[in-house]
Amino acid sequence: GFIAQELEAMLPESCKHIVGEGTMQTEAGEQTIKTVDYARLTTILWSVCKSLQERVAALESASA
């Protein structure tokens, strides 16, 4: 999976909602952890894939 802190640092401000916080029970007590909303991330990744596919198609047609 993704490391939430690294993902949060790379996301534009409009996509910061993809990284959230949760709590986890440990032996030392309750600990706050960063979480990734993979359903929301998938939407962004799909959009990026479509954009890249359009660029590849444009480059392929320009070189043909």
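Before any of the text, the structure's been laid out above.
Here the structure is a predicted model, which is why all the values come from computation and not from measurement.

(A) Geometry of the overall build of the protein chain. For the protein chain, the helix and strand inventory stands at two helices and two strands. Along the chain direction, N to C, the helices and strands of the protein chain fall in the order α-β-β-α. Within the span of the protein chain, comprising 64 residues, buried residues form 12% of the whole. For the protein chain, the proportion of contacts with a sequence separation of at least 24, taken over those separated by at least 6, is 28%. Here the protein chain holds 5 positive side-chain charges and 9 negative ones, and the gap between their average locations is 8 Å.

(B) Representation of the pattern of salt bridges within the structure. Considering all chains together, one arrives at three salt bridges under this definition. Notably, a salt bridge pairs Lys 34 with Glu 21, separated by 3.7 Å at the nearest N-O pair. You can see Lys 34 sitting in strand E2 (residues 29-36) and its partner Glu 21 sitting in strand E1 (residues 19-26), a full 13 residues away along the chain. Classification of Lys 34 as partly exposed rests on a relative accessible area of 30%.

(C) Summary view of the nonpolar core. If you look at the biggest cluster of nonpolar residues, it comprises eight residues: Ala 4, Leu 7, Leu 11, Cys 15, Ile 18, Val 19, Val 36 and Leu 41. The residues touching Leu 11, leaving out its near neighbours within four places in the chain, are Lys 16, Ile 18 and Val 19.

Each value, and the rule that gives it
Residues numbered from 1 in each chain as written. Predicted model: local features only at pLDDT ≥ 70, side-chain atom pairs only at ≥ 80, totals over all residues. Heavy atoms only, no water. Helix = DSSP H or I, 4+ residues; strand = E, 2+ residues; numbered from the N terminus. Buried < 20%, exposed > 50% of the residue type's maximum accessible area, 1.4 Å probe, protein only. Contact = heavy atoms within 4.5 Å. Lys, Arg positive; Asp, Glu negative; His and termini not counted. Charge placed at Lys NZ, Arg CZ, Asp CG, Glu CD. Salt bridge = Lys/Arg side-chain N within 4 Å of Asp/Glu carboxyl O. Core = buried A, V, L, I, M, F, W, Y, C linked by side-chain atoms within 4.5 Å.

Everything listed here is a matter of coordinates, which is why it stays silent on function.
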